[in-house]
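# A look at the structure
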Amino acid sequence: DAGVTQSPTHLIKTRGQQVTLRCSPKSGHDTVSWYQQALGQGPQFIFQYYEEEERQRGNFPDRFSGHQFPNYSSELNVNALLLGDSALYLCASSLRQGAAGEQYFGPGTRLTVT
Amino acid sequence: AQSVTQPDIHITVSEGASLELRCNYSYGATPYLFWYVQSPGQGLQLLLKYFSGDTLVQGIKGFEAEFKRSQSSFNLRKPSVHWSDAAEYFCAVEGNDMRFGAGTRLTVKP
């Protein structure tokens, strides 16, 4: 049973560019959440997708957008990249009707903006 | 909005010694509280969680945590630390969304 997978593992982009990160949830999970983890910090909630719609959103600008596909996989898009967007981006999956907090995290995508 | 404070940025303990990692939270209602561990290059793994009931919760890898409402704390403990416990530990509270503390890095001395 595959856990949460994310691609790519590492990514280097230039300021102003756009990036797309991908996440496949754990088998059987229908909800995907995205987090940004800056160096030396805890993860910060970006948004959550369920039934292909954004259900909750943290304090992130509109440059951050997402999508969930019918197979429950998800993408995180960031436009007009800033140096401050450099971070580890974590995807977590869960079952909507499951126990609260039962999120399974992927290994993350390390984004470096130069 | 809820918030989490982990007062200790870095803790060093000797292998076999006991461990306590501190976590204080702020939330108006009864919180859902969690401890996660993150090893280098890895995602977060859930150690344990508190929703209600018994204030002492047991988790994986021999960890336990105690919820103290009067102190707004949810400290993580382990009676005997192993070298493989060296990692970053995050406390989190779920309210409107999941809020994580800044983490405590644990170093284990041989």
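Scroll up a little and you will see the structure.
Predicted model only: the values in this text are computed from it and were never measured. (Residues numbered from 1 in each chain as written. Chains lettered and ligands numbered in written order. Predicted model: local features only at pLDDT ≥ 70, side-chain atom pairs only at ≥ 80, totals over all residues. Heavy atoms only, no water.)

What follows deals with the state of the cysteines. Linking two cysteines covalently via their sulfur atoms produces the bond known as a disulfide. With the rule as written, the count across this model stands at 2 disulfides over all chains. A sulfur-sulfur separation of 1.7 Å characterises the disulfide bridge that pairs Cys23 of chain A with Cys91 of chain A. Sign of the S-S torsion, about -60 degrees for the bond between Cys23 of chain A and Cys91 of chain A, identifies this disulfide as left-handed. In this pair, Cys23 of chain A sits in strand β3 (residues 19–24) while Cys91 of chain A sits in strand β9 (residues 87–94), placing the two residues 68 residues apart along the sequence. For the pair formed by Cys23 of chain A and Cys91 of chain A, the shared burial category is buried. For Cys23 of chain B, the disulfide goes to Cys91 of chain B, at an S-S distance of 1.9 Å. Classification of the bridge connecting Cys23 of chain B and Cys91 of chain B rests on its S-S torsion, roughly -65 degrees, and on that basis the disulfide is left-handed. Here the residue Cys23 of chain B occupies a position in the loop between β3 (19–21) and β4 (24–26), and Cys91 of chain B occupies one in strand β10 (residues 87–94), the gap between them amounting to 68 residues. Residues Cys23 of chain B and Cys91 of chain B agree in their burial class; the two are buried. (Disulfide = S-S within 2.5 Å. Helix = DSSP H or I, 4+ residues; strand = E, 2+ residues; numbered from the N terminus. Buried < 20%, exposed > 50% of the residue type's maximum accessible area, 1.4 Å probe, protein only.)

A few words on the pattern of salt bridges. Counting across every chain of the model gives 9 salt bridges over all chains. Note that Arg63 of chain A is salt-bridged to Asp85 of chain A, the shortest N-O span being 2.8 Å. Residue Arg63 of chain A is found in the loop between β6 (53–57) and β7 (64–68), and its partner Asp85 of chain A is found in the loop between β8 (74–78) and β9; the two are separated by 22 residues along the sequence. For the pair Arg63 of chain A and Asp85 of chain A, a shared accessibility class is recorded, and that class is buried. The residue Asp8 of chain B makes a salt bridge to Arg22 of chain B at a minimum N-O spacing of 2.9 Å. Pair noted here: Asp8 of chain B is in the loop between β1 (3–5) and β2 (10–14) and Arg22 of chain B is in the loop between β3 and β4, with a separation of 14 residues, a long-range link. What makes Asp8 of chain B buried here is its relative accessible area of 17%. Judged by its relative accessible area of 39%, Arg22 of chain B is partly exposed. Linked by salt bridges that have partners in common, Glu64, Glu66 and Arg77 of chain B make up one network. (Salt bridge = Lys/Arg side-chain N within 4 Å of Asp/Glu carboxyl O.)

Each side of the interface is counted separately: chain A has 18 residues, and chain B has 19 residues. Summed over both sides, the interface of chain A with chain B buries roughly 1300 Å², with 54% coming from carbon and sulfur. Scanning the region where chain A abuts chain B turns up 0 salt bridges. Along the contact surface separating chain A from chain B lie 1 residue pair in polar contact (both at pLDDT 80 or more). Of all the secondary structure elements, the ones that give two or more residues to the side of chain A that touches chain B are β4 (31–37) and β9 of chain A. Across the side of chain A that touches chain B, the residue classes break down as 9 nonpolar, 8 polar and 1 charged. (Contact = heavy atoms within 4.5 Å. Buried area = accessible area lost by both parts, 1.4 Å probe. Polar contact = N/O pair within 3.5 Å; in protein donor to acceptor, adjacent residues only side chain to side chain. Nonpolar A, V, L, I, M, F, W, Y, C, P; charged D, E, K, R; others polar.)

Another point: the pairing of β2 of chain B. For a regular strand, side-chain orientation follows a simple rule: the groups alternate between the two sheet faces. Residue and element names in this part refer to chain B. Across the two faces of β2 the burial differs, with Ile11 and Val13 buried and His10, Thr12 and Ser14 not buried at all. The sheet contact formed by β2 and strand β12 (residues 104–109) spans 5 bridges and is parallel. Among the inter-strand pairings, Ile11 is bridged to a residue of β12, identified as Leu106. (Pairing = 2+ DSSP bridges.)

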